[in-house]
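A look at the structure
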Amino acid sequence: MIISSWNVNSVRARIDNIKSYLLKYKPDVLMMQEIKTEDVNFPYDDFASMDYESHVFGQKSYNGVAIISKGKLENVRTDLIKDKLKQSRIISAEIKYKKKIIQLINIYTPNGNPVDTEKYDYKKNWMDQLIKQLKSLSKKNSNIILAGDFNVIPAAEDVYNVKSFDDDALYRLEIRKKFREMLNLGFSDVYRHFNEDKEGYTFWDYMRGAWQKNNGMRIDHFLVSNSLIDLVKDININKDPRGREKPSDHTPIEIKLA
């Protein structure tokens, strides 16, 4: 089974690229972030024609998350976080795999910039609520796959020039500590589980030739419950879609389950 996560930066603007990706790489599940559309305008038919069912938590013009799957998903939820700004940033569902019920959680964490503003406070509060929910959910089901655009650079090796991000909301120490707090709940950062210090960028800005210069950062992640980590056989950062015409500024990350 291949489970993929991708900040698509507008599902309708990238629909051709997304369909090409699905045809070529055939993930069983794709968790999308920043779909930037309301539920009613989501391209359900495009994905249904490729045998994917769609579950959507959309929002007009901004944010939005969705999970599409070739297999049946159960207990779809969009209420895991009580968002005071009512932004669509989290969706979860359960999938059965090898006699296990796995909870998939797809997130789009607030960016938080500029720091020392209400946007940064919102990010901290949102992450605190996520951590609280993970503690609660883990007691009911120890098999969780948490993925998405975390907007967190976990360590210096995860960004092309760490000095320029010292006071950025993606790299501030208290934000990295919150990421570490999630791991300490019993999760593994799958990329680092397989790649101790290898570069693994998932995002390249549209500006200043970042893609061409490989000025990237690793802010999209898969965190998998330690109870499941032995089922994960590989993780891949698929750079192919980022090099296509009219790409998202993120590229898909994929895990393969045994």
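A short tour of the structure in this document, coming up. The structure presented is a predicted model; accordingly, all values stated were derived computationally and were not measured. (Residues numbered from 1 in each chain as written. Predicted model: local features only at pLDDT ≥ 70, side-chain atom pairs only at ≥ 80, totals over all residues. Heavy atoms only, no water.)

Moving on, we get to unusual backbone geometry. A cis amide bond links Asn-113 with the next residue in sequence, Pro-114, at an omega value of -5°. Phi angles above zero are rare outside glycine, and Asn-9 is one such case at about 55°. In this fold, Asn-9 is placed in the loop between strand S1 (2-7) and helix H1 (15-25). Its identity as a non-glycine residue notwithstanding, Glu-34 has a phi of 55°, on the positive side. Tracing the backbone shows Glu-34 in the loop between strand S2 (29-33) and helix H2 (44-48). Overall, the relative accessible area of 14% leaves Glu-34 in the buried class. (Helix = DSSP H or I, 4+ residues; strand = E, 2+ residues; numbered from the N terminus. Buried < 20%, exposed > 50% of the residue type's maximum accessible area, 1.4 Å probe, protein only.)

Next up on the list: the sheet that holds strand S12 (residues 220-225). Taken together, 6 strands build an open sheet; the order of strands is S5-S6-S7-S8-S12-S9 and the sheet is mixed. Because the sheet does not close on itself, it has two edges, and the strands there are strand S5 (74-77) and strand S9 (187-189). For this sheet, the mean angle separating the axes of adjacent strands, direction not counted, is 20°. Strand direction decides the pairing type here: strand S7 (residues 100-108) and strand S8 (residues 144-149), joined by 6 bridges, are parallel. Along S8, the bridge assignment pairs Leu-104 with Ile-145. (Pairing = 2+ DSSP bridges. Axes fitted to C-alpha atoms, helices over the stretch in contact; angles between N-to-C directions.)

Turning our eyes to something else, we now look at the packing of aromatic side chains. By the definition in use, this model includes 7 aromatic pairs. For the ring pair Trp-6 and Tyr-21, a centre distance of 5.2 Å and an interplane angle of 65° mean the geometry is edge-to-face. Separated by 15 residues along the polypeptide, Trp-6 in strand S1 and Tyr-21 in helix H1 bring together distant segments of the chain. Between Phe-150 and Phe-179, the aromatic rings sit 5.8 Å apart at their centres with planes inclined by 75°, giving edge-to-face as the arrangement. Taken together, the residues Phe-150 in the loop between S8 and helix H4 (173-183) and Phe-179 in helix H4 connect sequence positions 29 residues apart. (Phe/Tyr/Trp six-rings, centres within 6.5 Å; stacked < 30°, edge-to-face > 60°.)

This brings us to H1. Within H1 the residues assigned to the buried category are Ile-15, Asn-17, Ile-18, Tyr-21 and Leu-22. For H1, the arc enclosing every buried residue in end-on projection is 165°, short of the 170-degree limit, so these residues lie on one face. Exposed side of H1, more than 90 degrees from the buried face: Asp-16, Leu-23 and Lys-24 are the residues found there. The inward-facing, buried residues of H1 contact S1, S2, H2, strand S4 (65-69) and strand S14 (253-257). After H1 finishes, the residue Lys-26 shows a positive phi value of roughly 50°. (Arc of directions from axis to C-beta. Contact = heavy atoms within 4.5 Å.)

Running from amino to carboxyl end, helix H3 (residues 118-140) crosses H4 at an angle of 10°, the nearest separation of the two axes being 10 Å. As far as their axial angle goes, H4 and H3 are roughly parallel. When H3 is examined against H4, the residues Tyr-120, Lys-123, Lys-124, Met-127, Asp-128, Leu-130, Ile-131, Leu-134 and Lys-135 are found in contact with a partner set consisting of Glu-174, Ile-175, Lys-178, Phe-179, Glu-181 and Met-182. Its residues placed into classes, the contact of H3 with H4 shows 8 nonpolar, no polar and 7 charged. (Parallel < 35°, antiparallel > 145°, perpendicular 65-115°, else oblique. Nonpolar A, V, L, I, M, F, W, Y, C, P; charged D, E, K, R; others polar.)

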